[in-house]
Amino acid sequence: MSQISATQVKQLREITDAPMMDCKKALVECAGDLEKAIEHLRQKGLSKAVKKADRIAGEGVIALSVDNTQAIMLEINSETDFVAKNDHFKALVAKSLEVAKNHHVESVEALYQAKIEGQSYESYLHGAIAKIGENIVVRRLAHESAKENEVLNGYLHANHRVGAIVKIAHTNPAHADKLKELARQIAMHAAAMKPVVLDHHAFSPEFIAQEKLALVAELEKENEEAKRLGKPLKHIPTFVSRAELSADILAKQEEAYKQELRDQGKPEKIFDKIIPGKMERFIADNTLLDQRLTLLGQFFVMDDKKTIAQVLQEKGAELQDTLSISAFVRFEVGEGIEKKQEDFAAEVAAQIS
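Anyway, here's the lowdown on the structure attached to this text. Everything quoted here is computed from the prediction, not taken from an experiment.

### Some details on the packing of aromatic side chains
Under the counting rule described, the total for this entry stands at three aromatic pairs. Members of the aromatic cluster, connected to one another through ring pairs, are Tyr112, Tyr121 and Tyr124. Above the face of the Phe331 ring, Arg140 is positioned so that its terminal group lies 4.2 Å from the ring centre.

This is the structure:
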């Protein structure tokens, strides 16, 4: 087995925030394989959910345009934050969004072929790159259009680094104006809370099983520290996603609560006032994965007693309408771009050798 270097240990620690010795042990056990070591630490509850791995590299901005019929969002990357604040770069972003909107483009490829000032957008971009003096890339483009019974809205954070689009489907066209503000609020929530998918239907059984191991290990580790400090312990869930909560499991849990109330001598006529709250708590305690990763399963930032799904249900009941989110998109500058590690000492040495 090859020797584990200090650089490898340092890299794993920076990614996972786990203790140094645990990082070294993980690398030894995984024969120096970084990805396996990360997963090893997660399943032992030693990684802080690989939070540092989410600190994405990459500069640039998100641009957003929304009207009643279409929403367009772009991610345009630059090499440095300095250029992203340059007036020429800002003008390029504005022009890019204008072209995308006017031509109703649905992909980066279509944008590059669109015409602007007598030339293709791609040629126009190359000219801007030459003027600005730094490589610039239109990395992503999202396009959503609204049908008759759909409303669109979006949110762009003030720093122009995070944006989201939300589309709500409904049945009564008269409610469009009232639902537009709700769509904006949910887009704001999505920008802040970083959901990855719409709901639990996107999860495979294998993914849920893997994430459950990591999540339970994380909670058990936190409970060790809480116990040491004399603090309340966190609940260790049996389930982590709504996908696991079958009708049979929910029915059995409801019956268990009824029996519990009977044992306490409570009259059955008040069960319907107690059981719904208990079932809501049971579902909340056993859907932690959904709360982390799904838009509908997250608790709404503007009312943390309700999930986004419950907010839609309540608003629908209020309007006597049926509401659902038919699409959502979230962009954050640099997501998934691996930052280049600069070794200035090596660079200088290479230039003077």
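### Quick notes on the pattern of salt bridges
Considering all chains together, one arrives at 25 salt bridges under this definition. Where Arg139 meets Glu75, a salt bridge forms, and the shortest distance between an N and an O atom there is 3.0 Å. Of this pair, Arg139 sits in strand 5 (residues 136-145) while Glu75 sits in strand 2 (residues 70-78), and the two are 64 residues apart along the sequence. Asp304 is the salt-bridge partner of Lys305, the closest N and O atoms lying 3.6 Å from each other. An identical accessibility class is assigned to Lys305 and Asp304; each is exposed.

### What about helix 13 (residues 308-319)?
The periodicity of an α-helix, 3.6 residues per turn, causes residues three or four places apart in sequence to face the same way. Here helix 13 spans 17 Å end to end across 12 residues, near enough to the 16 Å set by a 1.5 Å rise per residue. When helix 13 is considered as a whole, its buried residues turn out to be Ile308, Val311, Leu312, Gly316 and Leu319. With its buried residues spanning 130° around the axis, helix 13 presents them on a single face. Turned more than 90 degrees off the buried face of helix 13, the exposed positions are Gln313, Ala317 and Glu318. As for helix 13, its buried residues are in contact with strand 7 (162-169), helix 8 (176-193), strand 8 (299-300), strand 9 (303-307) and strand 10 (324-332).

### Things to note about the environment of Phe239
By the secondary structure assignment, Phe239 is in the loop between helix 9 (205-229) and helix 10 (247-263). For Phe239, a relative accessible area of 18% gives the class buried. Sequence separation between Phe239 and Val216 is 23 residues, and the spatial gap between their C-alpha atoms is 9.8 Å.

### Description of the nonpolar core
Residues Leu74, Phe89, Leu111, Tyr121 and Val138 are the most contacted members of the largest nonpolar core, which totals 28 residues. Among the secondary structure elements, those contributing two or more residues to this core are strand 1 (59-66), strand 2, helix 4 (81-84), helix 5 (87-102), helix 6 (108-113), helix 7 (121-132) and strand 5. Not counting residues up to four positions away in its chain, the partners in contact with Val138 are Leu74, Glu75, Ile76, Val108, Leu111, Tyr112, Tyr121 and Leu125. The next biggest cluster of nonpolar side chains, apart from the first, holds 22 residues, and it includes Ala164, Leu179, Ile186 and Ala190.

### Regarding helix 7
Here helix 7 spans 16 Å end to end across 12 residues, near enough to the 16 Å set by a 1.5 Å rise per residue. All of the buried residues in helix 7 are Tyr121, Tyr124, Leu125, Ala128, Ile129 and Ile132. Along helix 7, the residues classed as buried sweep out an arc of 145° about the axis, all on the same side. Taken together, the buried residues of helix 7 touch helix 4, helix 5, helix 6, strand 3 (115-116), strand 4 (119-120) and strand 5. Count one or two residues on from helix 7 and you reach Gly133, which has phi positive near 85°.

### Describing the side chain of Arg330
Here Arg330 lies in strand 10. Classification of Arg330 as buried rests on a relative accessible area of 11%. For Arg330, the side chain forms a polar contact with the main-chain oxygen of Ala190, separated by 2.9 Å. A distance of 3.3 Å separates a polar atom in the side chain of Arg330 from a polar atom in the side chain of Glu335. Excluding its chain neighbours within four sequence positions, the residues that come into contact with Arg330 are Met73, Arg140, Val162, Gly163, Ala164, Ala190, Ala191, Lys194, Pro195 and Glu335.

### Notes on unusual backbone geometry
Unlike most non-glycine residues, Glu117 shows phi in positive territory, near 50°. Tracing the backbone shows Glu117 in the loop between strand 3 and strand 4. Backbone geometry places Gln320, a non-glycine residue, at a positive phi of 55°. You can see Gln320 is positioned in the loop between helix 13 and strand 10. Judged by relative accessible area, Gln320 falls into the exposed class, the value being 75%.

Parameters at a glance
- Residues numbered from 1 in each chain as written.
- Predicted model: local features only at pLDDT ≥ 70, side-chain atom pairs only at ≥ 80, totals over all residues.
- Heavy atoms only, no water.
- Phe/Tyr/Trp six-rings, centres within 6.5 Å; stacked < 30°, edge-to-face > 60°.
- Lys NZ or Arg CZ within 6 Å of the ring centre and 35° of its normal.
- Salt bridge = Lys/Arg side-chain N within 4 Å of Asp/Glu carboxyl O.
- Helix = DSSP H or I, 4+ residues; strand = E, 2+ residues; numbered from the N terminus.
- Buried < 20%, exposed > 50% of the residue type's maximum accessible area, 1.4 Å probe, protein only.
- Expected span 1.5 Å × (residues − 1).
- Arc of directions from axis to C-beta.
- Contact = heavy atoms within 4.5 Å.
- Core = buried A, V, L, I, M, F, W, Y, C linked by side-chain atoms within 4.5 Å.
- Polar contact = N/O pair within 3.5 Å; in protein donor to acceptor, adjacent residues only side chain to side chain.

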